[in-house]
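Survey of secondary and tertiary structure
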Amino acid sequence: MKVDVLLGLQWGDEGKGKVVDVLTPKYDIIARFQGGPNAGHTIEFDGKKFVLHTIPSGIFNSSTVNLIGNGVIIDPLVFEKEVASLETSGVLVRQNLLISRKAHLILPSHRLLDAVYEASRGTLKIGSTLKGIGPAYTDKTSRNGLRVGDIECPLFLEKYKALQKLHFDIAKQHNSDYKDIIIEGLSFDAYEEQWLSACDTLRSFEKVNSEYYINQQLNLGKKVLAEGAQGTMLDVDFGSYPFVTSSNTITAGVCSGLGVAPSRIGKVIGIFKAYCTRVGSGPFPTELLDTTGDQLRDTGHEFGATTGRPRRCGWLDLPALNYAIMLNGVTELMMMKADVLDAFETIKVATQYEIDGQLTNEVPYDQVNTDSIPVYQEIKGWNTSLGKGTTYEELPDNLHQYVDFIELKTLTPIKMVSVGPDRTQTFIR
Ligand code: GDP
Ligand code: IMO
Ligand code: MG
């Protein structure tokens, strides 16, 4: 069997969590392959709402195994809180969750450094979620990191203290003392105490050598879906660097983040919103800083699932979408939040950019310092509530035309249209 991949094609928050949850009954294993608690994946069903940060979005189906792969970074305290909140709601987390021993740990002092680095950037702040993502991936790459497997090692505390000292020294060079920092409303010491206790919770979960596990399961004919976090435009290589996250959010990240060979990649499902959002700093060519942008934010409830920050909103950007389709090898698309456009008489879509007077379909090398002026095509809106249809065919013609237009411009089939946050508000084409 092959690994199917589901990932975001924009700047994150496309609705990946909802779709993974909808597709989970078709899969034996759902596996996260990158990112960490910077992710916030929302799932709604039966009037309940859950936001997941580290645990894969297949956790609500008791017959699906959920795997946190080696490419993910785990904050034991965030993880512990997530487990507690799911267990309170009766979700069987422990029985259905496996964790890679090779996944790296986010230490309290990674969060300290995230804050220190962000403060030192002045006006060039990335707008990080401050969950310690950048510093933890930096330690992984510089070969200083601690992994989940280390928790079981008798020398864990010594290794932890040694790495922490390194971090404190870096903070000092930035004129920061760990004693001055507040994390989640707590002093560093109080936060650390909770974090160390959360390591015990993590210790009590089943760990695996996930590269062997996943390949063995594929050999047995099990169906695996890899769940991406963030989005392609936040990829550390191909996103709007330096306004990106610190992992490869694209299909290539599945191979290194789970230990599966490129030849084992199957379908690649690309998730996009019918418009665009971005949270944090960085370029966003189709951003609307006017009442239309406010309308998208209000109607779409565009506030971060992890930080609560308002998301920046704008029209759909086809050069960026096609760039993402190319980088990921997307085989099918799923369009989310079509209902948010219900009240628009006219919808705009950027089909090209104008850069230095020239029209182009390409995302430029320097996304930050290039003025990519979107060239818009206007499309007639459906201007009615999508809540009424029960089949895709019953949805308004103008929505069909919007979908057909995007298919034509991306040369990729749109297999699902989502018209609300609930599991059931989903049309499969
Ligand atoms: P993720 O990070 O990609 O999983 O997405 P988030 O959960 O951060 O953000 C997506 C938000 O949109 C969540 O609040 C979802 O409940 C909501 N959502 C998902 N699909 C739809 C949809 O089709 N319509 C509306 N109105 N909301 C949706
Ligand atoms: P999901 O999986 C949207 C953004 C942050 C910031 C930049 C770097 O829910 O789609 P980091 O914390 O990684 O140092 O932040 O990336 N960002 C996200 N934006 N959705 C996410 O995840 C994000 N994860 C990180 O806002 O601009
Ligand atoms: Mg999110």
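The following paragraphs examine the structure supplied in this document. (Residues numbered from 1 in each chain as written. Chains lettered and ligands numbered in written order. Predicted model: local features only at pLDDT ≥ 70, side-chain atom pairs only at ≥ 80, totals over all residues. Heavy atoms only, no water.)

**Topic: the packing of helix α10 (residues 318-328) against helix α11 (residues 397-410)**
- Relative to each other, α10 and α11 sit at 60°, their axes nearing to 10 Å. Comparing their axes, α11 and α10 come out oblique. For the pair α10 and α11, the crossing hand works out as right-handed. Contact with α10, carried on its side by Leu-318, Leu-321, Asn-322 and Ile-325, involves Phe-405, Ile-406, Lys-409 and Thr-410 of α11 and no other residues of that element.
- Residue composition of the contact of α10 with α11, grouped by class: five nonpolar, two polar and one charged. (Axes fitted to C-alpha atoms, helices over the stretch in contact; angles between N-to-C directions. Helix = DSSP H or I, 4+ residues; strand = E, 2+ residues; numbered from the N terminus. Parallel < 35°, antiparallel > 145°, perpendicular 65-115°, else oblique. Left-handed = near helix turned anticlockwise from the far one by under 90°. Contact = heavy atoms within 4.5 Å. Nonpolar A, V, L, I, M, F, W, Y, C, P; charged D, E, K, R; others polar.)

**Focus on the site of ligand 2**
- The immediate surroundings of ligand 2 are formed by 21 residues, with Asp-13, Lys-16, His-41, Thr-129 and Thr-245 found nearest.
- Gly-40 places a main-chain nitrogen or oxygen 2.9 Å from an oxygen atom of ligand 2.
- Relative to its unbound accessible surface of 550 Å², ligand 2 loses 97% to contact with the protein.
- When the residues that make up the shell around ligand 2 are grouped by side-chain class, the tally is eight nonpolar, 10 polar and three charged. (Near = heavy atom within 4 Å. Polar contact = N/O pair within 3.5 Å; in protein donor to acceptor, adjacent residues only side chain to side chain. Areas by Shrake-Rupley, 256 points an atom, 1.4 Å probe, with all protein chains shown as cover.)

**Some thoughts on unusual backbone geometry**
- Put simply, Tyr-241 and Pro-242 share a cis peptide bond, and its omega is 5°.
- Within the secondary structure layout, Pro-242 lies in the loop between β12 (224-227) and α8 (252-258).
- A positive phi angle, near 50°, is found at Glu-184, a position not held by glycine.
- Within the element layout of this structure, Glu-184 appears in the loop between β9 (182-183) and β10 (186-187).
- Of the residues examined, Glu-184 reaches a relative accessible area of 45% and is grouped as partly exposed. (Buried < 20%, exposed > 50% of the residue type's maximum accessible area, 1.4 Å probe, protein only.)

**What about the site of ligand 1?**
- Looking at ligand 1, there are 20 residues lining it, with Gly-15, Lys-16, Thr-42, Asp-339 and Ser-418 nearest.
- With respect to ligand 1, the side chain of Asp-339 contributes an N or O atom lying 2.7 Å from a nitrogen atom.
- Contact with the protein chains removes 94% of the 590 Å² of surface that ligand 1 exposes when unbound.
- Comparing atom positions with the cavity grids shows ligand 1 to sit within the second largest pocket.
- Elements with a contribution of two residues or more to the shell around ligand 1: α1 (16-23) and β3 (41-45). (1 Å grid on protein atoms, 1.4 Å probe; cavity = no way out; pocket = protein on both sides within 12 Å on 5 of 7 lines; lining within 4 Å. Sits in = over half its atoms within 2 Å of the grid points.)

**Concerning the side chain of Asp-114**
- Checked against the element boundaries, Asp-114 lands in helix α3 (residues 108-120).
- For the buried Asp-114, no salt bridge exists, and the shortest N-O distance to an oppositely charged side chain is 5.5 Å, to Arg-121.
- A polar side-chain atom of Asp-114 sits 2.7 Å from the main-chain amide nitrogen of Gly-132.
- Contacts of Asp-114, omitting those with residues within four sequence positions, involve Ser-128, Leu-130, Lys-131, Gly-132, Ile-133 and Pro-135. (Lys, Arg positive; Asp, Glu negative; His and termini not counted. Salt bridge = Lys/Arg side-chain N within 4 Å of Asp/Glu carboxyl O.)

**Considering the coordination of the magnesium ion (ligand 3)**
- Summarising the metal site, the magnesium ion (ligand 3) is bound by the protein donors Asp-13 (OD) and Gly-40 (O), whose distances to it range over 2.1 to 2.2 Å. Placement of the pair is Asp-13 in the loop between β1 (3-8) and α1 and Gly-40 in the loop between β2 (29-32) and β3, with a sequence separation of 27 residues.
- The partly exposed category is assigned to Asp-13, whose relative accessible area is 22%. (Donors = N, O, S within 2.8 Å, 3.2 Å for Na, K, Ca; no water.)

**Observations regarding the environment of Ile-73**
- Among the structural elements, Ile-73 can be located in strand β6 (residues 73-74).
- Residues Ile-73 and Gly-36, spaced 37 residues apart in sequence, show a C-alpha to C-alpha distance of 4.9 Å.
- Among all residues touching Ile-73, those that are not within four sequence positions of it are Gly-35, Gly-36, Pro-37, His-104, Ile-106, Ile-133, Ala-136 and Tyr-137.

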